[in-house]
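As a plain string of letters, each chain reads:
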Amino acid sequence: MSIKPSITVMNGPNLNTLGTRKPEVYGRTTLADVEQMCRADAEKLGLELRFLQSNYEGQLIDWIHETGPAFKSGESIGMVYNPGAHTHYSYAIRDAIEAAMVPVIELHISNVHAREEFRHHSVVSPIARGIIVGFGVPGYSLAIRGLYELHEAEVSKNLKPGVRT
């Protein structure tokens, strides 16, 4: 029996308040609803899902560090990450992603570029494999599918997954 590869979907600070915090911006879908959707999406692609959320930067960094070796061993295809407010200032998270050498799709539910000026800059974007912004909660499905497609394309070209061409 072969083991399914995994995908990590990680959520940063305040994402636990989805459905109640600023529903005019983020909608009324809860994080539990997002997890169910992501599980269904991963299952359709033959992937195990590791779904995580923390308000603590150190915990998020630890999870990134855990995902790096899983990616290198072929157990994981990478990570979809909604960094929340850490997007704009957490060089520690950026450095962790870079050190782990794990492909990351950066995800934002709202169109951060149509919001407050401070939300326009991301320290994660320059090292992300791709960015999904402004599609609402369905952006999670787009990000999962996008990471899967990038991984499959690299495997079919006999490239080491995660290497940019």
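Here, every reference points to the structure presented above.
Re the overall build of the protein chain
Okay, so step 1: For the protein chain, the count of helices and strands is five helices and five strands.
Okay, so step 2: Helices and strands in the protein chain line up, N terminus first, as β-α-α-β-α-β-α-β-β-α.
Okay, so step 3: In terms of C-alpha radius of gyration, the protein chain reaches 15 Å, essentially the compact-globule figure of 15 Å for 165 residues.
Okay, so step 4: The C-alpha extent of the protein chain, read off along each of the three principal axes, is 45 × 30 × 25 Å.
Okay, so step 5: Classification of the 165 residues of the protein chain by burial places 47% in the buried group.
Okay, so step 6: Counting only carbon and sulfur atoms, one obtains 54% of the accessible surface of the protein chain, whose full area is about 8300 Å².
Okay, so step 7: Across the protein chain, the 16 positively charged side chains and the 18 negatively charged ones have centroids separated by 3 Å.

Observations regarding unusual backbone geometry
Okay, so step 1: Residue N14 is not a glycine yet carries a positive backbone phi of 75°.
Okay, so step 2: In this fold, N14 is placed in the loop between β1 (6–11) and α1 (23–26).
Okay, so step 3: Notably, M101 is not glycine yet its phi reads approximately 55°, a positive angle.
Okay, so step 4: With respect to the helices, strands and loops of the structure, M101 is situated in the loop between α4 (91–100) and β4 (104–108).

Examining helix α2 (residues 31–44)
Okay, so step 1: Over its 14 residues, α2 runs 20 Å from end to end, which matches the ideal 20 Å to within 8%, given 1.5 Å per residue.
Okay, so step 2: Those residues of α2 that are buried lie in contact with β1, β2 (48–53) and α5 (138–156).
Okay, so step 3: Count one or two residues on from α2 and you reach G46, which has phi positive near 75°.

Quick word on the environment of V80
Okay, so step 1: Looking at where V80 falls in the secondary structure, it is placed in strand β3 (residues 76–82).
Okay, so step 2: Judged by relative accessible area, which is 1%, V80 ranks as buried.
Okay, so step 3: With 51 residues separating them in the primary sequence, V80 and I131 have C-alpha atoms 9.4 Å apart.
Okay, so step 4: If we skip the residues at most four places from it in the chain, V80 touches I7, T8, V9, M10, I105, L107, A143, I144 and L147.

Observations regarding the pattern of salt bridges
Okay, so step 1: In this structure the tally under the stated criterion is five salt bridges.
Okay, so step 2: The partner of E66 in a salt bridge is R50, and the shortest N-O contact between them spans 2.4 Å. Of this pair, E66 sits in helix α3 (residues 57–72) while R50 sits in strand β2, and the two are 16 residues apart along the sequence.
Okay, so step 3: When its relative accessible area of 23% is taken as the criterion, R50 is described as partly exposed.

Here's the deal with the packing of α2 against α5
Okay, so step 1: In contact at an axis separation of 10 Å, α2 and α5 are set at 30° when each is read in the N-to-C sense. Comparing the axis directions of α2 and α5 gives the class roughly parallel. Where α2 crosses over α5, the two elements pack in a sense that is right-handed. Every residue of α5 that contacts α2 at V34, M37, C38 and D41 is listed here: Y140, S141 and I144.
Okay, so step 2: Broken down by class, the residue content of the contact of α2 with α5 amounts to five nonpolar, one polar and one charged.

Cut-offs applied
Residues numbered from 1 in each chain as written. Predicted model: local features only at pLDDT ≥ 70, side-chain atom pairs only at ≥ 80, totals over all residues. Heavy atoms only, no water. Helix = DSSP H or I, 4+ residues; strand = E, 2+ residues; numbered from the N terminus. Rg over C-alpha atoms; globule rule 2.2 N^0.38 Å. Buried < 20%, exposed > 50% of the residue type's maximum accessible area, 1.4 Å probe, protein only. Areas by Shrake-Rupley, 256 points an atom, 1.4 Å probe, with all protein chains shown as cover. Lys, Arg positive; Asp, Glu negative; His and termini not counted. Charge placed at Lys NZ, Arg CZ, Asp CG, Glu CD. Expected span 1.5 Å × (residues − 1). Contact = heavy atoms within 4.5 Å. Salt bridge = Lys/Arg side-chain N within 4 Å of Asp/Glu carboxyl O. Axes fitted to C-alpha atoms, helices over the stretch in contact; angles between N-to-C directions. Parallel < 35°, antiparallel > 145°, perpendicular 65-115°, else oblique. Left-handed = near helix turned anticlockwise from the far one by under 90°. Nonpolar A, V, L, I, M, F, W, Y, C, P; charged D, E, K, R; others polar.

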